[in-house]
Amino acid sequence: MLFSKDEVANFINKNFEAVWESVRPVPIVRIDFGNGTVLTRTLHGNIATYVCSANGQVLDILPGIYEPQTYSNALNQFRLLYNYVIVQRAISLKAYHDGQILALKENKAPPQFVNSAGLSKRLIEGGVIALLVSAPEAQKWRSPQAKAKLQADHPKLEANDDIANWKILAEDTRINETIRRLQIHEMLAAAGPVQPKAVTKKLYKEILHADLDDPYLGLGRTLFAGYPFAREDKVD
Amino acid sequence: MRKCLWLVIAAGAAWGLESAGRGQEKSITKADITKTVRIEKPANTILARQSAGVVSNGKDFVNPKVQPGGVHWHSTLTAACEAARKSGKPVLLFQMMGKLDDQFC
C-alpha cells in the first residue's frame, strides 16, 4: 500500500495534517470454492487525495490511484500550492486552476511550483517559499538526484505480474494526470471556495466514474446485461 | 446453483478485471479505461489477479484489521483542521471506499 512506503509516509507526516475518510463500504468479491478455499478481492482505484487549508477549503485534488513517485511529487506540489496561495497569497486559487486548465487543454505540461527558499533556510528552518514557474523552468530547479529519480522509467521488477501491474499503474497515473486533473481543475475553478463534502459526489460520479448513489456503482448494466436466467427469474 | 455461480463469476469479472482490460480496449474512452470490464474472461484469468486466500469457516466474512500505513492519521477532518491551524501545515484528506485499516479496502 502507498502509505506503507516510508518515503511517502514520512513526507506526509512532515508536511501535512492527514486524515482519511470512507465515502461508502467497499465492494468485495468473494468466490467460495466450497472446499474451504475462498478468494477475496476488492475494486481498486476509487480514491481521492485532497489538499485543504486549515479551515477545510479544498485547494486541489488528486483523483484515483498513482504510482508512488508521481504521488510523492504531487504531494510536494500540494504543499507548495498551500504556501503560494494561502500563506503568501501570491495569486488566487481560481487563477491557479485557470493556469492549469489552459496548459492541459493545450496538451502542455502545466506550470509547477518550486521551493525558492535558500538551501540553508530549507535545511535549518524547514522553510518554504513557493514560486509558480513554467514546466521547463521547474526542471532547472531540480537537484541532479531528483532529476535522476524522475527519469527512472520503472522500479526494478522481476515477476511478470509485477511488471504488468506496474504498467497498469503507470497508465492509470498518466490518465489521472491528464484527463482527470483537467476535469478537477475545471470543477474547482467553477466551484469557488468549497469544503470537501460539497464536491465529493460530483468527483466520484463524473471524474472517477463510481456513482456513490448507485448501489452497483455504475456496474449494473455490465453485471446484468445478457443475464442468461432472466426468464427463469421472471417466472419465479 | 448455476445462477449463483454465474452471478459470482460475472461480479468477479466486472469488479476484478478492470486491470486486465486496461490497455486492451483501445476503443473505450480514456476516462473509462480503468473501468473496462469483460464478462466472459476465463475464470482462471479472474482468479490470477492478486486474489488473497482466506480460509472459510462457514461464518460471515470479517474483514481483518491492519495497520493503515505509516502515516499519523487524525480521527476526523475537524481534528485535522484544528491541528493545521496550530501547526501551519495544510490538511491532507484521503478519501476511499471501505476503511484504510481493513485488509480488503
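An account of the accompanying structure is given in this report. (Residues numbered from 1 in each chain as written. Chains lettered and ligands numbered in written order. Predicted model: local features only at pLDDT ≥ 70, side-chain atom pairs only at ≥ 80, totals over all residues. Heavy atoms only, no water.)

Things to note about the side chain of Q112 of chain A
Residue and element names in this part refer to chain A.
Inference 1: Topologically, Q112 is positioned in strand β6 (residues 112–115).
Inference 2: Residue classification places Q112 among the buried residues on the basis of a relative accessible area of 18%.
Inference 3: The contacts of Q112, once residues within four sequence positions are left out, are Q77, L131, L132, V133, A135, A138 and R142. (Helix = DSSP H or I, 4+ residues; strand = E, 2+ residues; numbered from the N terminus. Buried < 20%, exposed > 50% of the residue type's maximum accessible area, 1.4 Å probe, protein only. Contact = heavy atoms within 4.5 Å.)

Structural notes on the environment of G118 of chain A
All names here are of chain A.
Inference 1: With respect to the element layout, G118 can be found in the loop between β6 and α4 (119–125).
Inference 2: Overall, the relative accessible area of 38% leaves G118 in the partly exposed class.
Inference 3: C-alpha of G118 to C-alpha of F224: the two residues are 106 residues apart in sequence and 60 Å apart in space.

Points about the pattern of salt bridges
Residues and elements named next belong to chain A.
Inference 1: Throughout the structure, instances matching the rule amount to nine salt bridges over all chains.
Inference 2: The closest approach of N and O atoms between K201 and D213, which form a salt bridge, is 3.0 Å. Here K201, found in helix α8 (residues 196–207), pairs with D213, found in the loop between α8 and α9 (220–224); they are 12 residues apart in sequence, far enough to count as distant.
Inference 3: A salt bridge links E206 to K202; the nearest nitrogen and oxygen atoms lie 3.2 Å apart. With E206 and K202 both in helix α8 and four residues apart, the pair spans about one turn of that helix.
Inference 4: For E206, a relative accessible area of 42% puts it in the partly exposed group.
Inference 5: In this structure, a network of salt bridges that share partners links the residues D60, E177 and R181. (Salt bridge = Lys/Arg side-chain N within 4 Å of Asp/Glu carboxyl O.)

Brief notes about the packing of helix α1 (residues 6–15) of chain A against helix α2 (residues 68–87) of chain A
Residue and element names in this part refer to chain A.
Inference 1: Across the interface, α1 lies against α2 with an axial gap of 10 Å and an inter-helix angle of 10°. Judged on the interaxial angle alone, α2 and α1 are roughly parallel. Packed against α1, whose contacting residues are E7, V8, F11, I12 and N15, the element α2 presents Q69, Y71, S72, L75, N76 and R79 at the interface.
Inference 2: Residues of the contact of α1 with α2, tallied by class, amount to five nonpolar, four polar and two charged. (Axes fitted to C-alpha atoms, helices over the stretch in contact; angles between N-to-C directions. Parallel < 35°, antiparallel > 145°, perpendicular 65-115°, else oblique. Nonpolar A, V, L, I, M, F, W, Y, C, P; charged D, E, K, R; others polar.)

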